[in-house]
Amino acid sequence: MKKFNIRKVLDGLAASSPVGGGGGLGGSGGAGVGCSLYPSGPTGAAVSPRETEVQENLTSEHFHICKTVRHGFPFKPTALAFDPVQKILAIGTQTGAVRILGRPGVDCYCQHDSGSAVLHLQFLINEGVLVTACSDGTLNLWNLRQKRPAVLHTLKFNKERITCCHLPFQSKWLYVGTERGNTHIVNIESFVLSGYVVMWNKAIELSTKTHPGPVVHLSDMPRDEGKLLIGYESGTVVLWDLRCKRAELRFYYDEAIHSVGWHHEGRQFMCSHSDGSLTVWNLKNPSRPFQVTIPHGKIQRDGKKPESCKPILKVEYRTCKNRTKEDENAAMWLIEVLSLDFHDAHSV
């Protein structure tokens, strides 16, 4: 028969009693027999959780990063494009990402391998194809008709930096303006450069020796795709005849250009400038602007020219059927205000 040792039982009770609480059975502290929340050491003293060894069974294989959701407007947007037929919006960012948004449930994400900023976006309307121009001098043709969008073709500009792009509706020719003031033409089907180049020294007058600056605007003339409007940063605008390969009209102004918008009739266009002014030009009189306004400038009491203000970065003509002159002006001013608000928010 196994002997029962009462001494070991008493030693175990003493070891489990609280430290500093009066000790064992019948102690003067009156604490009585208690239990410690921490395991006891070999001498009966309580052990801190930091001193307790924990067996770690987790390894790096148990962890991995996965994308769950993207919420909100893309960070640091740099370019926008809209397909009015498919009703989809493409947003390019400074990190080389492209976000494509449409109706509820349509949300696509693309990323350039180079990580270069997206400068310009152009949809092939109702084709499911997107053209991107990046800061590293590349033009990329994206196919959006597959489950995961992918780059079909890439064209690299080594000696010139891309500053402007324009693709007319249902056209196979993509116009690309550069920092040097030249305009190149790319075949959108084969995605190769054509031999046609509008050189800056041929676009401006031969008597003008100063460089007009980078190309900041390209657009085809309404109702005549054979004529291209080229806007230079210095304030010069040239109407180039693509068939005859010559400048048909030239317009000069002493303020830098940020944006140009055609009237739908193709008889006049509007420019927004760095001093906050708007100039309206008539093709019948290219020598001087038809109208000059500074809509957001402070009006002087003595009737002088309003003070300069922040530049208007984007201006467009928006017209509708059965419109009045007041409605047209109100819509135009609204676009200007929205452009200013977007500039202020982006600069914060």
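Residue numbers restart at each chain and count upward from 1, following the sequence in its written direction. Only residues with pLDDT of at least 70 get local features here, since the model is predicted, and only at 80 or more are side-chain atom pairs given and counted; chain-wide, interface and lining totals rely on the full set of residues. Remark: hydrogens and water are excluded; side-chain values derive from all non-hydrogen atoms of the structure.

Trainee: Explain the overall build of the protein chain to me, please; I cannot follow it from the model alone.
Mentor: Each helix and strand in the protein chain was counted, giving 3 helices and 20 strands. The 348 residues of the protein chain split such that 39% are buried. We call two residues in contact whenever any of their non-hydrogen atoms come within 4.5 Å of each other. A separation threshold of at least 6 residues defines the contact pool for the protein chain, and within that pool the share at least 24 residues apart is 36%. On the protein chain, roughly 22,000 Å² of surface is accessible, and the fraction owed to carbon and sulfur atoms is 54%. Put simply, DSSP marks the helices as runs of H or I at least four residues long and the strands as runs of E at least two long, and each gets a number from the N terminus on. Burial classification: accessible surface area is computed with a 1.4 Å probe over protein chains only, and a residue below 20% of its type maximum counts as buried, one above 50% as exposed, and the rest as partly exposed. In short, Shrake-Rupley with a 1.4 Å probe defines the accessible areas, and a residue's cover is counted only from the protein chains shown.

Trainee: What's the story with the pairing of strand β8 (residues 150-156) in this structure? I'm lost.
Mentor: Sheet faces and side chains relate simply in a regular strand, where the side chains alternate between the two faces. Any two strands between which DSSP finds at least two bridges are classified as paired. With 6 bridges joining them, strand β7 (residues 138-143) and β8 adopt antiparallel strand pairing. Within β8, the residue paired with Asn 143 across the bridge is Ala 150.

Trainee: Looking at this structure, how should I read the sheet that holds strand β5 (residues 118-124)?
Mentor: Hydrogen bonding along the main chain pairs the strands of a sheet, whether they run parallel or antiparallel. The strand order across the open sheet formed by 4 strands is β5-β6-β7-β8, and the pairing between neighbours is antiparallel. In this open sheet, the two edge strands, each paired with only one partner strand, are β5 and β8. Along the sheet, successive strands turn relative to each other by an average axial angle of 20 degrees, direction set aside. Fitting a line to C-alpha atoms yields each axis, with helices limited to the stretch in contact; the angle taken between N-to-C directions then spans 0 to 180 degrees.

Trainee: Would you mind showing me how to read the pattern of salt bridges here?
Mentor: As a working rule, side chains carrying opposite charge can pair if their charged atoms are close by. For this document, the term salt bridge refers to a Lys or Arg side-chain nitrogen within 4 Å of an Asp or Glu carboxyl oxygen. In this structure the tally under the stated criterion is 6 salt bridges. Residue Asp 107 pairs with Arg 99 through a salt bridge whose shortest N-O separation is 2.8 Å. In this structure, Glu 248 engages Lys 227 in a salt bridge whose closest nitrogen and oxygen atoms are separated by 3.0 Å. With Glu 248 in strand β16 (residues 246-251) and Lys 227 in strand β14 (residues 224-232), this residue pair connects regions lying 21 residues apart in the sequence.

Trainee: Help me understand the pairing of strand β3 (residues 97-101) in this model?
Mentor: In terms of residue burial, β3 counts as a mostly covered element, since 4 of its 5 residues are buried. Between the end of strand β2 (residues 88-93) and the start of β3, which pair antiparallel, lie 3 residues, with Gly 96 showing a positive phi angle near 90 degrees. Where β3 meets strand β4 (residues 107-111), 5 bridges bridge the pair, whose relative direction is antiparallel. Across the sheet, residue Leu 101 finds its bridge partner in β4, namely Asp 107. Counting the residues between successive antiparallel strands, the hairpin from β3 to β4 contains 5 residues, one of them, Gly 105, with a positive phi of roughly 100 degrees.

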